[in-house]
Amino acid sequence: MKNILVYSDRPESAAELVSAGQLIAAATGGTLRALSVNAPDLSAFLAARGIDVLEVRAAGDPVTDAAQMAAALREAADRSDAGVILLSSGRRGKEIAGRLAQEIGAGCLTDVGRLDVVAGRITGVRYALGGATEVFQAVATDRQVLALRPGVFPEAPEGTPGSVQSLDVQLPAPRVRLRAVNAKAGDGADIEKAEVLVVVGQGLAEQGELALAERIARGLGGEVACTKPVATDRRWLPEDRIVGLSGKTCRPSLALLLGVSGQVQFTVGIRDAVTIVAVNRDDQAPVASLSDYFLPADLKAVLPELAGKFPGP
Ligand SMILES: Cc1cc2nc3c(=O)[nH]c(=O)nc-3n(C[C@H](O)[C@H](O)[C@H](O)COP(=O)(O)OP(=O)(O)OC[C@H]3O[C@@H](n4cnc5c(N)ncnc54)[C@H](O)[C@@H]3O)c2cc1C
C-alpha cells in the first residue's frame, strides 16, 4: 500500500493536498490519486493538476454525512492501494479523518503543518502546548490518515492533464440530512490571500477606531484581520478574520500589527509574512522581537495620523 489518496471538497485545499501528496510520492515512489464526490468541476480542476481522479457520483441527497464520506474514502483507498490518505484539517476534514482512521484501523494525525519524508517514513510536524513548541510525530500503523493545516502547503499548479475515472461506491444510508444551506456569518474577505494585512488587537480602545484601521487597509490595498479576542470576546469582526492557531495562517507581503501583544498562538499565523510592522505602546511586548519594524507608540495618536495619509470612505 504505497500509494497516496487526497480528498477535500474545496478546490484550493485539494490543490494544497496535491502538492503535499506530490512531495510524498516523489520520496516514496507511490502514485497519487484524488477522490471527488458529486463534484465534476472539482474532478476537472484536479485532473488539470496532473493527477488521476476517482469520481463518485452518488444519487439522491448531497453527501454531507462524514460517515458516508469516510465510506467513500475507504473504498477509494482500497481500490487505489493507498496507504497514505491526506485530508484538509478544517472542521469537516478532521471529522472525516477520525472516522476514516477508525474504520480502516489506521493511525491519524490532524493539524499537520509540515511533512518530512526520510527513507520512506513520513513525519508530521504539529504545534503543541498552545503553539509554543513543535512536535514531530510518525504514524506507526501500515496505513495512515493525515489532515494538513489549510493555507500552509502551496497549491499545486496545472500540469500535464491526468484522468477522471468513475468509482462505483455503495454508500451507507446517511444519518444526517442536509435541510438547508445558509451562508456562514462573515463578509467574504479572504485574509489568507491578502497581500497586505492590517491586524488589530485589543490595543484598540474603541470599536470606532476600526474605521481608521479599515481606511489604512483600503489605502494599502489590503484587508483588516484581527487577534482572537477581538472577534470572539469583543465581537468587533467576524471569526474568519482571526489570525493564528485557531484562526488562519497568513503570508502577506506586509503585516501591520496594531495593538497586538504577539502571543505565540497569534504569531504562528503571521510569522511567515515578508515584512512585519508593529505599533504597541509597550516596548517589552513579545511582538517587538517578532517585527521587522517596531514603533513604540500610543495608537490613540498613531491611528488617526496614519489613517489621515489615506483618503476617507
Ligand atoms: C488554545 C489557544 C488558541 C489561541 N488561538 C489564538 C489565535 O488563533 N489567534 C489569536 O490572536 N489568539 C489566540 N489565542 C489567544 C492568545 O493567547 C492571546 O490571548 C491573544 O492573541 C491576545 O490578543 P491581543 O494581542 O489582541 O491582546 P493583548 O494580549 O491584550 O494585547 C494587547 C496589546 O495592545 C497594547 N496596547 C494597549 N493599548 C495600546 C495603545 N493605546 N497603543 C498601543 N498599544 C496598546 C498592549 O501593550 C498589548 O501588548 C489562543 C489562546 C489559546 C489558549
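Higher on the page you've got the structure.
Residues numbered from 1 in each chain as written. Predicted model: local features only at pLDDT ≥ 70, side-chain atom pairs only at ≥ 80, totals over all residues. Heavy atoms only, no water.

A. Up close: the overall build of the protein. Across its full length, the protein carries nine helices and 15 strands. Relative to the 2.2 N^0.38 estimate, which gives 20 Å for 313 residues, the radius of gyration of the protein is 22 Å and therefore close to what a compact globule would have. Considering only C-alpha atoms, the protein reaches an extent of 65 × 45 × 35 Å along its principal axes. A burial count over the protein gives 47% of its 313 residues as buried. Sequence-distant contacts, at least 24 apart, represent 65% of the contacts inside the protein between residues at least 6 apart. Accessible area for the protein stands at about 15100 Å²; split by element, carbon and sulfur atoms hold 48% of it. (Helix = DSSP H or I, 4+ residues; strand = E, 2+ residues; numbered from the N terminus. Rg over C-alpha atoms; globule rule 2.2 N^0.38 Å. Buried < 20%, exposed > 50% of the residue type's maximum accessible area, 1.4 Å probe, protein only. Contact = heavy atoms within 4.5 Å. Areas by Shrake-Rupley, 256 points an atom, 1.4 Å probe, with all protein chains shown as cover.)

B. Layout of the site of the ligand. Around the ligand, the surrounding shell holds 24 residues, and the nearest of these are Q202, T227, S246, S261 and Q265. Residue S246 places a side-chain N or O atom 2.6 Å away from a nitrogen atom belonging to the ligand. Within the side chain of N280, a nitrogen or oxygen atom sits 2.8 Å from an oxygen atom of the ligand. When the ligand sits alone it has 990 Å² of accessible area, and the protein chains cover 74% of it. (Near = heavy atom within 4 Å. Polar contact = N/O pair within 3.5 Å; in protein donor to acceptor, adjacent residues only side chain to side chain.)

C. Layout of the sheet that holds strand β7 (residues 121–128). In spatial order, the strands read β6-β7-β8; together these three strands make up an open sheet with antiparallel pairing. The open sheet is flanked by β6 (114–118) and β8 (133–137), the only strands paired with a single partner. With direction set aside, neighbouring strand axes in the sheet form an average angle of 25°. Sheet topology note: the β6/β7 ladder contains five bridges and is antiparallel. Bridge pairing in β7 places V117 opposite I122. Across the sheet, helix α1 (residues 11–28) is in contact with β6 and β7; its angle to β6 comes to roughly 10°. (Pairing = 2+ DSSP bridges. Axes fitted to C-alpha atoms, helices over the stretch in contact; angles between N-to-C directions.)

D. Quick look at the side chain of S291. Relative to the elements of secondary structure, S291 occurs in the loop between α8 (287–290) and β15 (293–296). There is a polar contact of 2.8 Å between the side chain of S291 and the backbone oxygen of V287. Polar contacts involving the side chain of S291 include one to the main-chain carbonyl oxygen of A288, which spans 3.3 Å. Every residue in contact with S291, bar those within four places of it in the chain, is listed here: I276 and A278.

E. Expanded view of the pattern of salt bridges. The final tally for this structure, using the stated rule, is 15 salt bridges. With its nearest N and O atoms 4.0 Å apart, the salt bridge here joins K193 to D190. Residue class for D190 comes out partly exposed when judged on its relative accessible area of 32%. With its nearest N and O atoms 2.8 Å apart, the salt bridge here joins K300 to E209. (Salt bridge = Lys/Arg side-chain N within 4 Å of Asp/Glu carboxyl O.)

F. Broad picture of the nonpolar core. Ranked by size, the top nonpolar core spans 29 residues in total, and within it L5, Y7, L35, M69, L73, I85 and V145 carry the most contacts. Among the secondary structure elements, those contributing two or more residues to this core are β1 (3–7), β2 (32–37), β3 (52–56), α3 (66–79), β4 (82–88), α4 (91–104) and β9 (144–148). No other element matches α3, which puts seven residues into this core. If you look at the next biggest cluster of nonpolar residues, it comprises 27 residues, including A34, V53, L115 and A156. (Core = buried A, V, L, I, M, F, W, Y, C linked by side-chain atoms within 4.5 Å.)

G. Geometry of the packing of helix α5 (residues 210–219) against helix α9 (residues 299–307). In contact at an axis separation of 9 Å, α5 and α9 are set at 40° when each is read in the N-to-C sense. Considering their axes alone, α5 and α9 lie oblique with respect to each other. Judged by the twist between their axes, the crossing of α5 over α9 is left-handed. Residues L212, A213, R215 and I216 of α5 form the contact with α9, whose own contacting residues are L303, P304, L306 and A307. Taken together, the residues of the contact of α5 with α9 break down into seven nonpolar, no polar and one charged. (Parallel < 35°, antiparallel > 145°, perpendicular 65-115°, else oblique. Left-handed = near helix turned anticlockwise from the far one by under 90°. Nonpolar A, V, L, I, M, F, W, Y, C, P; charged D, E, K, R; others polar.)

H. Region of the structure containing helix α2 (residues 40–47). Taken as a whole, α2 has its buried residues at L42, S43, L46 and A47. Projected down its long axis, α2 shows its buried positions confined to an angular sector of 130°, all on one face. Buried residues in α2 make contact with α1, β2, β3 and β10 (164–166). (Arc of directions from axis to C-beta.)

I. Broad picture of the packing of aromatic side chains. Tallied over the full model, the rule gives zero aromatic pairs. Just above the ring of F45 sits the side chain of R49; from NZ or CZ to the centre is 3.8 Å. Above the plane of the ring of W236 lies R234, whose end atom (NZ or CZ) is 4.7 Å from the centre. (Phe/Tyr/Trp six-rings, centres within 6.5 Å; stacked < 30°, edge-to-face > 60°. Lys NZ or Arg CZ within 6 Å of the ring centre and 35° of its normal.)

J. Main features of the pairing of strand β11 (residues 196–200). Judged by how many residues are buried, β11 sits mostly within the fold: five of five residues are covered. Side-chain alternation along β11 places V196, V198 and V200 on one buried face and L197 and V199 on a second face that is also buried. Relative to strand β13 (residues 254–258), β11 runs parallel, the two sharing five bridges. Each bridged residue has a counterpart across the sheet, and for V200 the counterpart in β13 is L258. Direction of pairing for β11 relative to strand β12 (residues 223–226): parallel, over a ladder of four bridges. Following the sheet pairing, V198 is matched in β12 by V224.

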